[in-house]
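Analysis of the macromolecular model
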Amino acid sequence: MALYYYLLARGTAGRVAANFYLVPGTVALAAWALLGERLTPLAVVGFAIASAGVSWWPAPRAARAPAPAQDGRMTALPVVWVSKSL
């Protein structure tokens, strides 16, 4: 749990949650290497698919300002929410 809180404090919740798909495969590889457990081909394929899915998860992008039009005006206006309280 300490690792979970450490990652959550330094990343987005979606990225941290996606990394948890690697836990079963990592434990299976550790059990194979340290305890001599049998690792089936289906388990290896599943770990490869999970690893590929986590690595393809999009990284957060920085927000970009709208590009100015050819005549120098902005192409998009900022959205402003106005609330009137009675």
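Residues numbered from 1 in each chain as written. Predicted model: local features only at pLDDT ≥ 70, side-chain atom pairs only at ≥ 80, totals over all residues. Heavy atoms only, no water.

Quick word on the overall build of the chain
- Along its length, the chain carries four helices and zero strands.
- Taken from N to C terminus, the helices and strands of the chain fall in the order α-α-α-α.
- Counting only residues that meet the buried cut, the chain has 6% of its 86 residues in that class.
- For the chain, the share of sequence-separated contacts (at least 6 apart) that also reach a separation of at least 24 residues comes to 40%.
- Accessible area for the chain stands at about 7900 Å²; split by element, carbon and sulfur atoms hold 68% of it. (Helix = DSSP H or I, 4+ residues; strand = E, 2+ residues; numbered from the N terminus. Buried < 20%, exposed > 50% of the residue type's maximum accessible area, 1.4 Å probe, protein only. Contact = heavy atoms within 4.5 Å. Areas by Shrake-Rupley, 256 points an atom, 1.4 Å probe, with all protein chains shown as cover.)

A closer look at the environment of Val44
- With respect to the element layout, Val44 can be found in helix α4 (residues 41-55).
- For the pair formed by Val44 and Leu29, sequence separation is 15 residues and the distance between their alpha carbons is 8.8 Å.

Describing helix α3 (residues 23-35)
- Taking 1.5 Å per residue as the helical rise, α3 with its 13 residues ought to reach 18 Å, and the 17 Å between its terminal C-alpha atoms agrees with that figure.
- Within two residues after α3, Gly36 carries a phi angle of roughly 75°, on the positive side. (Expected span 1.5 Å × (residues − 1).)

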